[in-house]
Amino acid sequence: MRVGIDQIGFYTPNKYVDMVDLAHARQEDPDKYLIGIGQSQMSVADQTQDAVSMGINATQFYLKRIERQRVGLLIFGTESGVDQSKSASLFVKSALKLPPEVRTFEVKEACFGMTAGVMIARDYVRLHPHQTAIVIGSDIARYGVGSGGEVTQGAGSVSLLIAAEPRILAINEGHSAFSQDINDFWRPNGMATALVDGKYSTQVYLDFFTQTFKQYKKLKGWQTSDFTALAYHLPFTKMGLKANRLAVAGQAEVTKTRLEKNFTAAAQYGRTVGNIYTASLYLSLLSLLENKKLQPDNKIGLFSYGSGAMGEFYSGQVVSGYERQLDVVQDQKMLARRQRLTVAQYEQVFNNALLDPSDGLELTSDEQVGYWYFAGTKGQVRQYRQV
Ligand code: CAA
């Protein structure tokens, strides 16, 4: 029995900042952002979009196509949690009317949280092949206006349905994991923005990639040339590009060219959305699937990294007819619908979203009809509504 990704939903908020505008405002050469860091735009979440509402929006995309009664597990990976105790997944379960029998919880290990969820879901479906599992990654990357990490912010969510006999990507047996207790990126309780040692974080990411990729190939008895594409966690596309350069070093021209072209396809969405932490690797996968024609059984390597730090490499094989489960037009419309903010508008929206609205104040959203949003708190209970 094959188990893997059967459906993919994606959501990003309806506002963005252009990196050339940001570079001018910060007195930087635009090429530093566009080429040196590899980002063109970044999505901006206003006060009405949080991890929960984005997760609902990503998941509702495929909900009409699946049997809700078969969903036995719902996992929410995030590091932008909205409550110190209650799981973000319970709000999602309620909004989307999932069955009460569903087992549901939130997981955290920086950007690794969604991959942890995928692995738990895969094992669950192996044991319960008639049931399915929803895994959501949803985050707002916040370093702060004018901070060193500002250009690597973003917001969005990806939701996966994990099922037996999947229609998009079958996950292969085996994985290689590597962890170490370090401080490259963290967000202490009470802080709305993250602390990061960007250069150190990049070095650890590359070390973990080298280690897990090597171990995985050894485990499977595979070569780099066996992979059609490698998809990476992409805090900013240059970080993945550096890993991809390590992967293709010393390879034959045909392998090098293929992995480089497919890296560009996989980085396309991340380049315009920015970092979405837990969901970033899965946005790369979606970008690859929607911007490249793949063949059945093509092997896709996936490298997940969460600061702190945890790395894992695994792979999947493309399922025949995968294109029919995707909606490229809808995903590209999602990006195209975003309103371009001036830097001054972005600063105001960003800083306002760091504040909790006063209890009892009802927020309204400028999203399109059908999308969910955070409407404020009543008696300190978070309210989610649909436009
Ligand atoms: N034209 C082209 N390239 C230029 C340029 C120009 N005019 N000017 C500079 N560059 C290049 C530099 O040469 C450099 O390239 P290399 O990296 O290849 O050397 C690149 O642009 C960046 O330049 P700097 O290193 O000088 O930039 P900086 O000091 O502003 O730092 C950064 C950049 C490290 C990315 C910083 O923005 C940062 O710390 N961002 C956050 C990093 C991050 O996301 N870390 C976490 C990763 S993991 C994760 O996502 C966390 C998790 O688990 C939640």
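Here is a short report on the structure shown in this document. Not measured: the values here are computed from a predicted model.

**Things to note about the environment of Asp-21**
Reasoning step 1: The topology assignment puts Asp-21 in helix 1 (residues 19-25).
Reasoning step 2: C-alpha separation for the pair Asp-21 and Leu-341, spaced 320 residues apart in sequence, amounts to 9.4 Å.
Reasoning step 3: Sequence-distant contacts of Asp-21, that is, excluding residues within four places in its chain, are made with Arg-340, Leu-341 and Val-343.

**What to know about the nonpolar core**
Reasoning step 1: Of all hydrophobic cores here, the largest spans 53 residues; its most connected members are Ile-8, Val-158, Leu-160 and Ile-162.
Reasoning step 2: Here this core takes 7 residues from helix 9 (residues 280-291), the largest share from any one element.
Reasoning step 3: Counting only domains with at least three residues in this core, you end up with domain 1 (3-169 + 325-386) and domain 2 (172-320).
Reasoning step 4: Ranked by size, the runner-up nonpolar core spans 39 residues in total, among them Ile-37, Ile-182, Phe-209 and Val-343.

**Overview of the packing of helix 8 (residues 253-273) against helix 10 (residues 328-336)**
Reasoning step 1: The N-to-C vectors of helix 8 and helix 10 enclose an angle of 25 degrees; their axes lie 11 Å apart at closest approach. Considering their axes alone, helix 8 and helix 10 lie roughly parallel with respect to each other. Between helix 8 and helix 10, the residues in contact are Tyr-269, Thr-272 and Val-273 and Val-328, Asp-331, Gln-332 and Leu-335, respectively.
Reasoning step 2: The class makeup of the residues in the contact of helix 8 with helix 10 is 4 nonpolar, 2 polar and 1 charged.

**Things to note about the sheet that holds strand 3 (residues 41-43)**
Two pairing modes exist for strands in a sheet, parallel and antiparallel, and in both the strands are linked by backbone hydrogen bonds.
Reasoning step 1: The sheet built from 3 strands is open, its strands ordered 3-2-15 with mixed pairing. Both outer strands of the open sheet, strand 3 and strand 15 (339-340), are each paired with one neighbouring strand and no more.
Reasoning step 2: Judged from the 3 bridges that link them, strand 2 (residues 15-18) and strand 3 form a sheet pairing that is antiparallel. From the neighbouring strand, Asp-18 faces strand 3, where its bridge partner is Gln-41.

**Some thoughts on the environment of Ile-162**
Reasoning step 1: Relative to the helices and strands, Ile-162 resides in strand 7 (residues 154-164).
Reasoning step 2: We classify Ile-162 as buried; its relative accessible area is 0%.
Reasoning step 3: Counting along the chain gives 18 residues from Ile-162 to Gly-144, while the straight-line C-alpha distance between them is 35 Å.
Reasoning step 4: Not counting residues up to four positions away in its chain, the partners in contact with Ile-162 are Val-3, Gly-4, Ile-5, Val-118, Ala-121, Arg-122, Val-125, Thr-132, Ala-133 and Val-135.

**Brief notes about the pairing of strand 4 (residues 71-77)**
Reasoning step 1: Across the 7 residues of strand 4, 7 count as buried, placing the element largely inside the fold.
Reasoning step 2: Direction of pairing for strand 4 relative to strand 6 (residues 132-141): parallel, over a ladder of 6 bridges. Its bridge partner lying in strand 6, Val-71 is registered against Thr-132.
Reasoning step 3: Examined bridge by bridge, strand 4 and strand 5 (residues 103-107) share 5 bridges and lie parallel to one another.

About the criteria used
Residues numbered from 1 in each chain as written. Predicted model: local features only at pLDDT ≥ 70, side-chain atom pairs only at ≥ 80, totals over all residues. Heavy atoms only, no water. Helix = DSSP H or I, 4+ residues; strand = E, 2+ residues; numbered from the N terminus. Contact = heavy atoms within 4.5 Å. Core = buried A, V, L, I, M, F, W, Y, C linked by side-chain atoms within 4.5 Å. Buried < 20%, exposed > 50% of the residue type's maximum accessible area, 1.4 Å probe, protein only. Domains from an automatic or database assignment. Axes fitted to C-alpha atoms, helices over the stretch in contact; angles between N-to-C directions. Parallel < 35°, antiparallel > 145°, perpendicular 65-115°, else oblique. Nonpolar A, V, L, I, M, F, W, Y, C, P; charged D, E, K, R; others polar. Pairing = 2+ DSSP bridges.

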